[in-house]
Amino acid sequence: MSIRLRLDKPWRPLAAPEIARLPGQLGVYQIADATGTILFIGQAGARSTFGLRSELQRELAERGAGCQFRVEVNMQYRSRWFELLMVHKADHGALPPDNARNPPPNLGRLSPSSSSPPRRGEAG
Amino acid sequence: MDFEPNSEQQMLIDQVRRYVREEIIPLEAKLDPDASELAPEDHARLVEKTKAMGLFGIDIPKEFGGPDIDIVTRTLLAIEMAQHRAGLYVPCYGTFGGAGLAQIFEANDDQKERYLYPTLRGEKKAFFGLTEPSGGSDPARAIQTKAERKDNGWVLNGAKIFISNADRAQYGIVFARTDASKGRAGITCFIVDSDTPGFHVRRVVHTLRSSHYATELEFKDCWVSDHQVLGEVNKGFAVANDRLTRQRIPYAAGCIGVAIAAHEMAIEWAKIRTTFGEKLANRQAVQWMLVDNEIDIRTARHFTLEAAEKARQGVPFRTEAAIAKLTASEGGGRVVDRAMQIHGGMGMTKDLPLERWYREMRIRRVGEGPSEVQRMVIAREILGSSLR
Ligand SMILES: Cc1cc2nc3c(=O)[nH]c(=O)nc-3n(C[C@H](O)[C@H](O)[C@H](O)COP(=O)(O)OP(=O)(O)OC[C@H]3O[C@@H](n4cnc5c(N)ncnc54)[C@H](O)[C@@H]3O)c2cc1C
């Protein structure tokens, strides 16, 4: 199985029972408001105590109820995180608002094309 | 040949070693284990330090404003600079400056003003665009990106893959076919600005190396003027070959640096870890792993310094550079692997740098010419001229 360029899994409510089901693995995640507008793209790196679960617990504590999230388990969380940020910028013209407040230094730029071939193993 | 550092070299080695231990490693301890950048303010502060040390732009020739340090000394220093977690691909987080593979010293005066000097001052970054989906080991045959003549310039169409850092670069050197009938004599090297219409960085190519990642490029009717030709039309293959051969020496040095760091960790651990009532260091099985590490490191160091010495003398060093790259990347991989074994479960964790080195060192047997291609280069020399 291979990863898609954009994270397009269904949103889940940012709530304690949902987060408790998350793996302690490393990866990337997105936070959206109730309408599905992406507010933040984050990474659960190797310094997160329980990976994605710890990061989403922290997000819930900071943001409170009303948001949504989705995750992707990925050991290559650094390059995937940069990729998601660049794709978002290419698609929307700007970083998600909570990333824009503290953007990573030297973020590159991508121009992903809708016609670009899918990655090997990627369905459609 | 005696490759023991002289007193001047030893002084520089000690200086860089102190810098790595006192400046780089403490900052690195606070970063994500896969990070390849320092905070901008730390980077700027450390660049001032390397400038004060007289070592900024270490791979830049004196006539272009670099410090006057010969290639053997540079190799000894490159071995030191790699001895930290990110050291294989981002030695000292780039605080010593330099141009990497984009050393466009054959550029004309106008290109030097627009590209070379800003790069050497650290104002511009470049990528090296050789490999294509059709292959990287044999670029002379594999390159399919075409450049066709149009309006006092060239229109590029095609794709490149595995191109490191193209998403962050301001320009790149790109190899394209300008004469389909001529094989390696039909390739030209172009300097392409990243904001040229028709130039696209399509995606990140995720590999074992999670930072300092590779990208995939597309050229779609990308027009560049004649002023963007680096060197001469149809002579681009020599530019690529020259870069790759020269780059093999610092490439090997990086592998040796990481191998030394891993080996030192393994020795320390073997001296303190006890199993079955005995220190690991007292077990012959472990001693032999450490001995094999020592031999791999010394072998790679010898061949890499031999290649550097030939380069310093200005005599051909293609075979020596291939031997250096081969022994350092393969030996370095074995050393890191043994160091992980000696560390047991701890060796597999992201708490230690070993797992990052293990992943990144694996790329070194493929990047910049796979081991098989290095052996091919060496075999050509052996078979072409009988053994001494
Ligand atoms: C992380 C990463 C970063 C990279 N960065 C860059 C970059 O910045 N710029 C750039 O231009 N390229 C870059 N590369 C590409 C790299 O140089 C190529 O992957 C490499 O040259 C091999 O080319 P290939 O992958 O097309 O393999 P191929 O050429 O298809 O070869 C596949 C395998 O065949 C074997 N082989 C090849 N030739 C022979 C032979 N004659 N005899 C026996 N066996 C043989 C080797 O085992 C080889 O690994 C990068 C690659 C990686 C993984």
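Remember, predicted model here, so these are calculated numbers, not experimental data. (Residues numbered from 1 in each chain as written. Chains lettered and ligands numbered in written order. Predicted model: local features only at pLDDT ≥ 70, side-chain atom pairs only at ≥ 80, totals over all residues. Heavy atoms only, no water.)

Each helix and strand in chain B was counted, giving 10 helices and 10 strands. The C-alpha radius of gyration of chain B comes to 22 Å, within 12% of the 21 Å expected for a compact globule of 388 residues. Taken over the C-alpha atoms alone, chain B extends approximately 80 × 55 × 40 Å along its principal axes. A buried classification covers 56% of the 388 residues belonging to chain B. The contacts of chain B with a sequence gap of at least 6 include a subset with a gap of at least 24, amounting to 72%. (Helix = DSSP H or I, 4+ residues; strand = E, 2+ residues; numbered from the N terminus. Rg over C-alpha atoms; globule rule 2.2 N^0.38 Å. Buried < 20%, exposed > 50% of the residue type's maximum accessible area, 1.4 Å probe, protein only. Contact = heavy atoms within 4.5 Å.)

Here we come to the site of the ligand. All names here are of chain B. The immediate surroundings of the ligand are formed by 19 residues, with F128, T131, G136, S137 and F162 found nearest. One nitrogen or oxygen atom from the main chain of F128 is found 2.7 Å from a nitrogen atom belonging to the ligand. Measuring from an oxygen atom of the ligand, one finds a side-chain N or O atom of E372 at 2.8 Å. Relative to its unbound accessible area of 970 Å², the ligand is 67% covered by the protein chains. Sorting the residues of the shell around the ligand by element identifies β3 (153-164) and α10 (371-384) as the ones contributing at least two each. Counting residues domain by domain, the shell around the ligand receives three or more from each of domain 2 (126-230) and domain 3 (238-384). (Near = heavy atom within 4 Å. Polar contact = N/O pair within 3.5 Å; in protein donor to acceptor, adjacent residues only side chain to side chain. Areas by Shrake-Rupley, 256 points an atom, 1.4 Å probe, with all protein chains shown as cover. Domains from an automatic or database assignment.)

So, on to the nonpolar core. The biggest cluster of nonpolar side chains holds 68 residues, and the ones touching the most others in it are L55(B), L77(B), F96(B), I249(B) and I342(B). Every element with two or more residues in this core is listed here: α1 (7-28), α3 (71-81), α6 (236-272), α7 (284-313), α8 (318-343) and α9 (354-363) of chain B. Core analysis: the next-biggest nonpolar cluster, separate from the first, contains 33 residues, L85(A), I163(B), A169(B) and F219(B) among them. (Core = buried A, V, L, I, M, F, W, Y, C linked by side-chain atoms within 4.5 Å.)

A word on the confidence of the model for chain B. Confidence in the prediction of chain B, expressed as mean pLDDT, is 94, and 99% of residues score 70 or more. Scored by ipTM, the complex comes to 0.81, with pTM at 0.93. (pLDDT = per-residue confidence, 0-100.)

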